[in-house]
Structures are given as structure tokens and as C-alpha cells.
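So the chains spell out like this:
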Amino acid sequence: MLAGRLNVSTGKFAVEEVDEPHAGRGQVRIAVRAAGVCLSDVHLIQGILKPLYLQGDTVTLGHETAGVIDEVGEGVHGLTVGERVLLQAGEIRGGSVLTRGVDYDGGWAQHAVATAGTVVPIPDTLSFEQACFIPDAVSTPWAAITATAGVQPARAVGVWGVGGLGAHAVQLLRMIGAAPIVAIDPLPSARERALQFGADLALDPEDPEFASLVGEATGGTGLAYAFDFAGVAGVRVQAARSLARWGKLILVGLTDQPLTVPDGTRFSFLEQQIRGHYGSGPEHVLELLSLVALHRVEFSGSVSGTLPLAQAAEAVRQLDAKENNPIRLILMP
């Protein structure tokens, strides 16, 4: 079968022929129908991110995967051949959190094997293209909003970076009643998209009137919550300066750069907080599927384009270059 394989030692990525996997005990195999291309995949190829638990040097990428079960291993109950499913983006093994497509083979392939407990049935009304990226692209901002930040309705929120995660954050914040929602992005097209997804105000971070505009939008109090989805050191400084008393800065975007608090005395006096966030839990994916089933949220506007699996390298290039400012590009094996 075809699979998008990365050698993490050499940085070489290629779609190549590999042996077809089969479901072992406690596993199922799916025929992959759609797989999301995430900035984390780009960072893996670039060597910015490194797997912690990968056995060997080579891995099939792809932690956002949906498809149809076509093989059920021994000891698996409650899952059947022909069932439409998505795969959770990772699992706990031996007390460690392993990520699909990073620490073990993922979904950029014609077939993918998964532990039965990471397989989640999806309704017939949800397309594979939209289902595949709910784990991570949607569940990560959802977990950041509901679990890490504990966002309350009618509270001011800032979203820095309206890409794959930030665009969904705006949509989800709107759904739970956060207000006003201020989206911040240097790209005009991203700011326009933020308004379409439900932001009340979209700002250029380089606007010389930035601070006064945030103050005006929030009645002079500042932001109760500020989310960094960009992973940029300068974003975090600007976001911290925009916080209200007791405000929270939530770090979702990843960076290896130092974290700087621009005015430590003010930060302490106003009793503000900084919280790190990473990924999501299985429960967040299930919550989102319930919301989809109840028509509270849908993600058709998030599919920016589809490409065949054989063109995975081109999808990576487009995402890295922000060509046409995609939310999610989808590979179709």
C-alpha cells in the first residue's frame, strides 16, 4: 500500500510502497478515507518536533484520520467491519501518552491499524473529510477553552492566530457564549475568516492602535482570557499586556522560545495567570461528536482543499507556505 513515511533521522519524507498492515489482537484496521494535514506534521518533517517514543527511525505520519473498518482483530467487541469511524490522535501505553503519526504509524496511508479503544464510530451525516480533523484541530482548542481556561460566557476573549486551531477556537467560543471575541492575525484573509467564523472584532497585531482598540472592545477592562495559538514569543508578550485583572493567558501554540512576562509586578498585582495546554483527551472528541450530532456546530467551512495521498508532500508545502491560508488540507488515499 501507499504510505507517507518520514525518516526522523534524515528528515526525508516520501510517499512510498510499504507492506499492508493487519489487525492484531485488540486492534482493528481501517481503510483510510481522509487524513488531515496539520502544522505539527510540517514541524516533524522540518525537525522542529521530535518523537519521544518512536521505535526505529521511520514513521507513517498523520494523527487526524477517519475511514471504514475493514478488519477486526481477535478479542475486539462492539466494532464491526463496514463501520464508519475516526481515530483518536493518541493513546496511553505504559503510562506514557503516545501520539499517532508521531510515536507510531498514523493515517497518511491506505490502511491504518488502531487499538480498539481509540476507534470512535461517527454518524453517517458526518463526512470523512470533516470527521478526520476533529481529533486535534477541533478537540485541542475545545479542551483549551473548556478544561484549561474554563471560559465563562459573556467574558472577553482574545485569539491570537486564526489558523487551523484558532479558526475553530473562534467558532467554539462563539457557540459557548464568550463575548466579545477579539481575533488577532497579521494576515488580512485570516482576519476576514475570523469574522465569518464569529469573531466580534479582528485586529492586526501591528496596528499602532491595537491596545486602545482592545480596551474599547472590552469596556476598558482587558481580556479575561487570551489564547496563543501561534506559538510566537511576541504574541505572548502582547497577549499578556492585554489581560484584565485575574486574566488568563493560555499557551496552545508550541515554541521553544523563552516565555517573557513584560511587567512582572503588574502581572502579580493583577493576579493574572499563565497556563500551558497540550492536545486533548478522548472525552473532548466525544463531546464534539455529540455537538455535531445535535447540529450545534459543523465544520464544512474548515475543509480548505483535498489532495490525493500521493501528493502529500505538496500538501505539506502549501500548508507551510500558508498558500491560500488553509484551515485544513485533507489527504484522500
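Refer to the structure above for everything that follows.
Counting restarts for each chain, with residues numbered from 1 along the sequence as it is written. Local features in this predicted model are restricted to residues of pLDDT 70 or higher, and side-chain atom pairs are both shown and tallied only at a pLDDT of 80 or more, whereas totals for entire chains, interfaces and linings draw on every residue. Side-chain descriptors were evaluated using all non-hydrogen atoms of the structure, hydrogens and water having been removed beforehand.

### Remarks on the overall build of the chain
Put simply, DSSP H or I for four residues or longer makes a helix, DSSP E for two residues or longer makes a strand, and each gets a number counted from the N terminus. When helices and strands are tallied, the chain shows 10 helices and 18 strands. Our radius of gyration is a C-alpha quantity, and the globule rule it is checked against amounts to 2.2 Å times the number of residues to the power 0.38. For 333 residues, the compact-globule estimate of 2.2 N^0.38 gives 20 Å, and the C-alpha radius of gyration of the chain, at 20 Å, lies within 12% of that figure. With the C-alpha coordinates aligned to their principal axes, the bounding extent of the chain is approximately 60 × 45 × 40 Å. Evaluated residue by residue, the chain yields a buried proportion of 53% over its 333 residues. Positive charges come from Lys and Arg alone, negative charges from Asp and Glu alone, with His and the N- and C-terminal ends not counted. In this description, the location of a charge corresponds to atom NZ of lysine, CZ of arginine, CG of aspartate or CD of glutamate. Within the chain, the 35 negative side-chain charges are centred at a point lying 4 Å from the centre of the 23 positive side-chain charges. Burial classification: accessible surface area is computed with a 1.4 Å probe over protein chains only, and a residue below 20% of its type maximum counts as buried, one above 50% as exposed, and the rest as partly exposed.

### Considerations on the sheet that holds strand 13 (residues 201-203)
What the six strands build is an open sheet, ordered 13-12-11-14-15-16; its pairing is parallel. Among the strands making up the open sheet, the edge pair consists of strand 13 and strand 16 (273-276). Going from strand to strand, the sheet's axes swing by 20 degrees on average, the running direction of each strand aside. Contacts: residue pairs with any heavy atoms within 4.5 Å of one another. A fitted line through C-alpha atoms represents every axis, and for helices the fit uses only the stretch in contact; the resulting angles, taken between N-to-C directions, go from 0 to 180 degrees. Packing of helix 7 (residues 233-241) onto the sheet brings it into contact with strand 11 (157-160), strand 12 (181-184), strand 14 (223-228) and strand 15 (243-251), and relative to strand 15 it is tilted by some 155 degrees. Strands pair, by our definition, only if DSSP identifies at least two bridges between them.

### A closer look at the sheet that holds strand 1 (residues 2-7)
Strand order in the open sheet made by the three strands is 2-1-4, with antiparallel pairing throughout. Either end of the sheet is taken by a strand with one partner, and the two such strands are strand 2 (12-17) and strand 4 (58-60). Going from strand to strand, the sheet's axes swing by 30 degrees on average, the running direction of each strand aside.

### A short note on the packing of helix 3 (residues 134-148) against helix 9 (residues 282-293)
It is the contact of helix 3 with helix 9, at a shortest axis distance of 9 Å, that shows an interaxial angle of 100 degrees. By the angle between their directions, the pair helix 3 and helix 9 is classed as roughly perpendicular. Across the interface between the two elements, Ile134, Pro135, Val138, Ser139, Trp142, Ala143, Thr146 and Ala147 of helix 3 pack against His284, Val285, Glu287, Leu288, Leu289, Leu291 and Val292 of helix 9. Along the lines of polarity and charge, the residues of the contact of helix 3 with helix 9 split into 11 nonpolar, three polar and one charged. Note that the term roughly parallel is reserved for angles under 35 degrees, roughly antiparallel for angles over 145, roughly perpendicular for angles of 65 to 115, and oblique for everything else. Residue polarity follows a fixed list, in which Ala, Val, Leu, Ile, Met, Phe, Trp, Tyr, Cys and Pro are nonpolar, Asp, Glu, Lys and Arg are charged, and the others, Gly among them, are polar.

### Points about the packing of aromatic side chains
In this scheme Phe, Tyr and Trp rings, the latter by its six-membered ring, pair at centre separations within 6.5 Å, and the angle between planes marks the pair as stacked below 30 degrees, edge-to-face above 60, and tilted otherwise. In total, this model carries four aromatic pairs according to the counting rule given. Here Phe13 and Trp108 contribute two aromatic rings whose centre-to-centre distance is 5.8 Å and whose plane-to-plane angle is 80 degrees, an arrangement assigned as edge-to-face. One end of the pair, Phe13, is in strand 2; the other, Trp108, is in the loop between strand 8 (96-99) and strand 9 (111-115), and 95 residues separate them in sequence. According to the relative accessible area criterion, Phe13 is buried, its value standing at 16%. For Trp108, a relative accessible area of 0% corresponds to the buried category. Aromatic pair Trp160 and Phe210: ring centres 6.2 Å apart, planes at 55 degrees, arrangement tilted.

### A few points about the packing of helix 1 (residues 39-46) against helix 10 (residues 312-320)
Interaxial distance between helix 1 and helix 10 falls to 10 Å at its minimum, and their mutual angle equals 105 degrees. By the angle class used here, helix 1 and helix 10 are roughly perpendicular. Each of Leu39, Val42, Ile45 and Gln46 in helix 1 lies in contact with helix 10, whose residues at this interface are Val316, Leu319 and Asp320. Its residues assigned to classes, the contact of helix 1 with helix 10 comprises five nonpolar, one polar and one charged.

### Digging into the pairing of strand 3 (residues 27-37)
For strand 3, the tally of buried residues reaches nine of 11 residues, placing the bulk of the element in the interior. By the bridge criterion, five bridges tie strand 3 to strand 9 in an arrangement that is antiparallel. The residue of strand 9 that forms the bridge with Ala31 is His111. With seven bridges joining them, strand 3 and strand 5 (residues 65-72) adopt antiparallel strand pairing. Bridging across to strand 5, Ile30 finds its partner in Ile69. Across three bridges, the pairing between strand 3 and strand 18 (residues 328-332) is antiparallel. Among the inter-strand pairings, Ala35 is bridged to a residue of strand 18, identified as Leu331.

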